[in-house]
Amino acid sequence: MIEVKDVYKKYGKKKVLNGINFTIPKGKISSLIGINGAGKTTILNHIMNLLPVTSGEILIDGEKFSPKDYEKLSFIPDAAIMLPEMKIREAMDFMQEFYDTWNEERAQEILTFFRLNEKDKINTLSKGNVAKVNLLLGLSLDVDYVLMDEPFSGIDIFTREQIAEVFTSYLVEDKGVLITTHEIHEIEFLVDRVILMDEGIVLREFNVEEVRENEGRSIVDIMREVYMPYADELNHHQPNRLGK
Ligand SMILES: Nc1ncnc2c1ncn2[C@@H]1O[C@H](COP(=O)(O)OP(=O)(O)OP(=O)(O)O)[C@@H](O)[C@H]1O
C-alpha cells in the first residue's frame, strides 16, 4: 500500500497541498479527482520522489522512499510525448535498458492489442496513439504500483474505450493503480475507489461499490454533494474554507 500522510506543499508562498491524506491499496484502481490546479500532478511527483514535500510523508509498503522503490513504481505521464525523436521500438529498447523490471513479452502483447507499429516514430503519431505508447511503456514494467496522470485527457471516444479495456484486464490485476482525472465520466465504471480533492485537501475518500450498494448513489452524486457547497461559496463571493 502507498500511504500519503499529512502532506503539505508550498511553492514559495503559494500553498498547493494543505495536509493531504489518502492510500493506494494493491489490487484496486483508485482515482484522484480534482479540478485543474488542484494539485494532482504535484502529488504524483511527490510519490515518485521527483519533488520534495514541504512536510508530511509518503510510505511505500510501510517504508519511506528509497531508490529501490523505483522497481515498484511506474509513472505514466499525460499525453505529453515521451522520447519524441525515437521510433516506438527504440523507446522500448531504452526502457528495457533502463529498467530491470521491463517485461518484453507483455510489451509485445500490448503492441498487438493497440495495433501499434514498432517502426513508427513517436512524434509522428496522433495524440491517441501517443497515449497508447505511454501506456505501453508504463505497463510493460513488472511493478506493484502504476500512477497515471490523466490517461484519457484529449483522447477520442474510440481510443478511450480501447484504453479502458486495459483497466479491466490482467495487465493491472493485483497492482495498486492511481489515475488522476478531472473528468469522472471517463472512469466512472472502471474505478474501485475515489479520492475527491480540492484546495489542497482531501474532501472525501470512498469505495465506489460501497456507496452504490449501501446508499444507491453514483460517484457523480457524491461529487455533487461534496463540491456543491464550494460552488455556492464561490457564487456568493464568500471566503473559502482556507480563508484565502
Ligand atoms: N513549479 C511550480 N511553481 C509554482 N507553482 C506551481 C509549480 N508547479 C505547479 N504549481 C501550481 O501548483 C498548483 C497545482 O498544480 P498541479 O499541476 O499539481 O495541479 P493539477 O491538479 O495536476 O492540475 P491539472 O488538472 O491542470 O493538471 C497549480 O496552481 C500550479 O499552478
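Residues numbered from 1 in each chain as written. Predicted model: local features only at pLDDT ≥ 70, side-chain atom pairs only at ≥ 80, totals over all residues.

1. Details of the overall build of the protein chain
The following threshold applies: Here a strand is any run of E in DSSP of at least two residues, a helix any run of H or I of at least four, and the numbering for each starts at the N terminus. Any residue with 12 or fewer other C-beta atoms within 10 Å of its own C-beta is exposed, any with 20 or more is buried, and the rest are partly exposed; the C-beta atoms used are placed from the backbone. Contact between two residues is assigned whenever their backbone-derived C-beta positions fall within 7 Å.
The helix and strand inventory of the protein chain stands at 7 helices and 10 strands. For the protein chain, with 244 residues in total, the buried portion stands at 32%. In the protein chain, 72% of the contacts between residues at least 6 apart in sequence involve partners at least 24 apart.

2. Things to note about the site of the ligand
We apply this condition: Near residues are defined by distance alone, with the backbone-placed C-beta atom required to lie within 6 Å of the molecule or strand. Ten residues, namely Ala, Val, Leu, Ile, Met, Phe, Trp, Tyr, Cys and Pro, are considered nonpolar, four, namely Asp, Glu, Lys and Arg, are considered charged, and the remaining ones, Gly among them, are considered polar.
Neighbouring residues of the ligand: Tyr11, Lys14, Val16, Gly34, Asn36, Gly37, Ala38, Gly39, Lys40, Thr41, Thr42 and His182. For the shell around the ligand, the element with the most residues is helix α1 (residues 40–47), which contributes 3 residues. Here the shell around the ligand is composed, by residue class, of 3 nonpolar, 7 polar and 2 charged.

3. Considerations on the packing of helix α3 (residues 104–114) against helix α4 (residues 127–139)
How we decide: Whenever a helix is involved, its axis is fitted only over the stretch in contact; in every case the axis is a line through C-alpha atoms, and angles between N-to-C directions fall within 0 to 180 degrees. Here is the rule for angles: anything less than 35 degrees is roughly parallel, anything more than 145 is roughly antiparallel, 65 through 115 is roughly perpendicular, and the remaining ranges are oblique. Crossings are classed by handedness, with left-handed meaning an anticlockwise turn of the near helix from the far one by less than a right angle and right-handed meaning a clockwise turn.
Relative to each other, α3 and α4 sit at 160 degrees, their axes nearing to 9 Å. Considering the angle they form, α3 stands roughly antiparallel to α4. Considering only the axes of α3 and α4, their crossing is right-handed. In contact with Ala107, Ile110, Leu111 and Phe114 of α3, α4 contributes Lys132, Leu136 and Leu139. Looking at the contact of α3 with α4, its residues break down into 6 nonpolar, no polar and 1 charged.

4. Overview of the confidence of the model for the protein chain
Applied cut-off: pLDDT expresses how confident the predictor is about each individual residue, on a scale running from 0 to 100.
This prediction gives the protein chain a mean pLDDT of 87; 92% of its residues lie at or above 70. Confidence, expressed as mean pLDDT per element, reaches its minimum in the protein chain at helix α7 (residues 219–235) with 74 and its maximum at strand β4 (residues 55–60) with 97. Long-range and interchain partners of residues 237–244, a stretch whose pLDDT sits below 50, account for 7 contacts in this model, where long-range means more than four residues apart. The ipTM for the predicted assembly is 0.95, set against a pTM of 0.87.

5. Things to note about the nonpolar core
Which entries qualify depends on this criterion: Working definition: the nonpolar core is a set of buried Ala, Val, Leu, Ile, Met, Phe, Trp, Tyr and Cys residues, joined through C-beta atoms within 7 Å.
Of all hydrophobic cores here, the largest spans 53 residues; its most connected members are Leu136, Val146 and Leu147. The biggest single contributor to this core is α4, with 7 residues. Every residue in contact with Leu147, bar those within four places of it in the chain, is listed here: Leu44, Ile47, Met48, Leu73, Phe75, Ile76 and Leu178.

6. Observations regarding the pairing of strand β7 (residues 145–149)
Our working definition: A pair of strands is labelled paired if DSSP reports no fewer than 2 bridges between them. A right-handed crossover is one whose linking path, passing over the helix from the first strand to the second, runs clockwise when the strands point away from the viewer.
For β7, the tally of buried residues reaches 5 of 5 residues, placing the bulk of the element in the interior. Residues Tyr145, Leu147 and Asp149 point to one face of β7 and Val146 and Met148 to the other, with burial holding for every one of them. Relative to β7, strand β6 (residues 73–76) runs parallel, the two being bridged by 4 bridges. When the bridges of β7 are listed, Ile76 appears paired with Met148. In this fold, the crossover linking β7 to strand β8 (residues 176–181) by way of helix α5 (residues 157–167) has right-handed handedness.

7. Some thoughts on the sheet that holds β8
The mixed open sheet is built from 6 strands, whose spatial order is β6-β7-β8-β3-β9-β10. Single-partner strands in this sheet number two, and they are β6 and β10 (201–207). Between one strand and the next, the sheet's axes are offset by a mean angle of 15 degrees, whatever the strand orientation. As defined by bridge partners, strand β3 (residues 29–33) adjoins β8 across 5 bridges and the pair is classed as parallel. Across the sheet, Leu32 pairs through a bridge with Thr180, a residue of β8. Helix-sheet contacts for α4 involve β6 and β7, and the interaxial angle to β6 is about 175 degrees.

8. A closer look at unusual backbone geometry
The backbone phi angle of Asp6 is positive, close to 50 degrees, even though this residue is not glycine. If you trace the backbone, Asp6 turns up in strand β1 (residues 2–11). For Asp6, a count of 13 C-beta atoms within 10 Å translates into the label partly exposed. Of note, Asp174 is a non-glycine position whose phi angle comes to about 70 degrees, a positive value.

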